[in-house]
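This is what each chain is made of:
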Amino acid sequence: MKSYKYQDLQNFFSKSNESYLKLTFQEIESIIGFKLPESAYKYEAYWYPSETHTICKSWTENGWKVISVKIGEYIEFQNTELNFDSKIVQYKIEVYLSEDLIDDMITEATKLGACKIGDYDHIASYYEIKGCWRPLENSQPFTGEKNIVNYGSEYKLELRCEEKNVKSVLKRIREIHPYEEALVNVIRLENHLFE
């Protein structure tokens, strides 16, 4: 008799030499041999370690972590003990800013681990765009007049960043960005699913 309810799932992770796995709920149920509890289909928290979520031991004790949950559909896992660059989840960070800030922003982001692909760093794209904005009464606009729609040009800077560095890069971007409300987008890339 098995001492651990999810022993078959634990064995599955222990035998995998991949750095990334995407398992559907049905695939997980096929491995464990029974249906997952209703909470697994309702709550993302079910898939993250806690005293009551014993299923998580199946992967955490084998050096894996959950990197994404699509409730009722699939779970994405990353092997933290392997370092295959092609499988590491990356994000694109978009920053809207004035041209004079571009070099500093790229340099600071590179120091924190962004803007790197293989043996290259300081990798970024930027291009001029046009936009509009209306500073409201309580705002302190970097440029433009309050209570009217302003039009102008600025630059859009695009950086690539590994998941583990995103928070520190965002923090630094906001520290050096002069706008009262810096427009920054973080977009998850799916390249690792096809490499």
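In this report, we go over the structure that sits alongside the text. Keep in mind that what you see is a predicted model, and the values were worked out from it rather than measured. (Residues numbered from 1 in each chain as written. Predicted model: local features only at pLDDT ≥ 70, side-chain atom pairs only at ≥ 80, totals over all residues. Heavy atoms only, no water.)

**Topic: the overall build of the chain**
Secondary structure assignment for the chain yields six helices and seven strands. Reading the helices (α) and strands (β) of the chain from amino to carboxyl end gives α-β-α-α-α-β-β-β-α-β-β-α-β. Taken against the 2.2 N^0.38 rule, which gives 16 Å for 195 residues, the C-alpha radius of gyration of the chain at 22 Å runs more than 25% over that of a compact globule. Taken along the three principal axes of its C-alpha coordinates, the chain extends 75 × 40 × 25 Å. In the chain, which comprises 195 residues, the share counted as buried stands at 39%. Per element, the accessible surface of the chain, about 12,000 Å² overall, is 49% carbon and sulfur. (Helix = DSSP H or I, 4+ residues; strand = E, 2+ residues; numbered from the N terminus. Rg over C-alpha atoms; globule rule 2.2 N^0.38 Å. Buried < 20%, exposed > 50% of the residue type's maximum accessible area, 1.4 Å probe, protein only. Areas by Shrake-Rupley, 256 points an atom, 1.4 Å probe, with all protein chains shown as cover.)

**Overview of the state of the cysteines**
Here, disulfide denotes a covalent bond that connects the sulfur atoms of two cysteines. Taken as a whole, this structure holds zero disulfides when the rule is applied. Cysteine Cys 161 shares no disulfide, and the gap to the nearest cysteine sulfur, in Cys 115, comes to 7.8 Å. (Disulfide = S-S within 2.5 Å.)

**A few points about the sheet that holds strand E3 (residues 74-79)**
In space, the three strands of this open sheet follow the order E1-E3-E2, with antiparallel pairing throughout. A single partner strand is all that each edge strand has here, and the edge strands are strand E1 (20-24) and strand E2 (64-70). Direction aside, neighbouring strands of the sheet carry axes that sit 20° apart on average. In the sheet, E1 pairs with E3 via five bridges, with the strands oriented antiparallel. Bridging across to E3, Leu 21 finds its partner in Phe 77. (Pairing = 2+ DSSP bridges. Axes fitted to C-alpha atoms, helices over the stretch in contact; angles between N-to-C directions.)

So far we have only geometry, and geometry alone does not tell us how the molecule works.
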